[in-house]
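This is what each chain is made of:
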Amino acid sequence: FLFAVILAVFEISQFFNPFPPLHALYRQNFGFIFKPISKGVFIIFIGFLQFGLKNTFGLACGIISIADGVFLQLVYCKDSSLLVDGPVPYDPPRVPTARQQEV
């Protein structure tokens, strides 16, 4: 239940305007959830925990969670631009001018 709450709060905060202290808390403690591959591994981990429920619902939820995690990783490997925020603008290194070097 706790892992599902962590994932649900993260996903909800991505759709709405993120609360800065919550975003900082997630970055510090759950930074792996911001990258698609590690997020997929986390979802697969949650899926394997569902098998411990020992009923049909737990088995179904586990299979769906594992399939979701694998699908997330496959989509990212196929076209990584789909799951990232966008291209990061290139910021070239600062080169000192001749006047700055004389001083």
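A few points on the structure. Here the structure is a predicted model, which means the values were calculated and not measured.

### Some details on the overall build of the protein
On a plain count of helices and strands, the protein comes out with five helices and zero strands. Tracing the protein from N to C terminus, the helices and strands come up as α-α-α-α-α. In the protein, which comprises 103 residues, the share counted as buried stands at 20%. In the protein, once contacts between residues fewer than 6 apart in sequence are set aside, the share between residues at least 24 apart is 44%. Summed over all atoms, the accessible surface of the protein reaches about 8200 Å², with 68% contributed by carbon and sulfur.

### Considering a nonpolar patch on the surface
There is a patch of nonpolar side chains on the surface, built from Phe48, Phe51, Leu59 and Ile63 and spanning about 380 Å² of accessible area. Examined against the element boundaries, Leu59 turns out to sit in helix 4 (residues 56-78). Judged by relative accessible area, which is 45%, Leu59 ranks as partly exposed.

### Some thoughts on the packing of helix 1 (residues 2-15) against helix 3 (residues 36-50)
Where helix 1 contacts helix 3, the axes come no closer than 10 Å and their chain directions differ by 145°. Helix 3 is crossed by helix 1, and the crossing has left-handed handedness. Contacts from Phe3, Leu7, Phe10 and Glu11 of helix 1 reach helix 3 at Lys39, Phe42, Ile43, Phe45, Ile46 and Leu49. Of the residues contributing to the contact of helix 1 with helix 3, the split by class is eight nonpolar, no polar and two charged.

### Notes on the packing of aromatic side chains
The geometry of an aromatic ring pair comes down to the distance between the two centres and the angle between the two planes. Inspection of the entire model under this criterion finds eight aromatic pairs. Seen in terms of ring centroids, Phe3 and Phe45 are 5.3 Å apart; in terms of plane orientation they differ by 80°. Their pairing is edge-to-face. Within this pair, whereas Phe3 is found in helix 1, its partner Phe45 is found in helix 3, the two being separated by 42 residues in sequence. Among the residues examined, Phe45 registers a relative accessible area of 38% and is labelled partly exposed. Each residue in the set Phe3, Phe10, Tyr26, Phe30, Phe32, Phe34, Phe42 and Phe45 is aromatic and connected to the rest through ring pairs, giving one cluster.

What counts as what
Residues numbered from 1 in each chain as written. Predicted model: local features only at pLDDT ≥ 70, side-chain atom pairs only at ≥ 80, totals over all residues. Heavy atoms only, no water. Helix = DSSP H or I, 4+ residues; strand = E, 2+ residues; numbered from the N terminus. Buried < 20%, exposed > 50% of the residue type's maximum accessible area, 1.4 Å probe, protein only. Contact = heavy atoms within 4.5 Å. Areas by Shrake-Rupley, 256 points an atom, 1.4 Å probe, with all protein chains shown as cover. Patch = residues over 30% accessible without salt bridge, like charges linked within 9 Å, V, L, I, M, F, W, Y side chains within 5 Å. Salt bridge = Lys/Arg side-chain N within 4 Å of Asp/Glu carboxyl O. Axes fitted to C-alpha atoms, helices over the stretch in contact; angles between N-to-C directions. Left-handed = near helix turned anticlockwise from the far one by under 90°. Nonpolar A, V, L, I, M, F, W, Y, C, P; charged D, E, K, R; others polar. Phe/Tyr/Trp six-rings, centres within 6.5 Å; stacked < 30°, edge-to-face > 60°.

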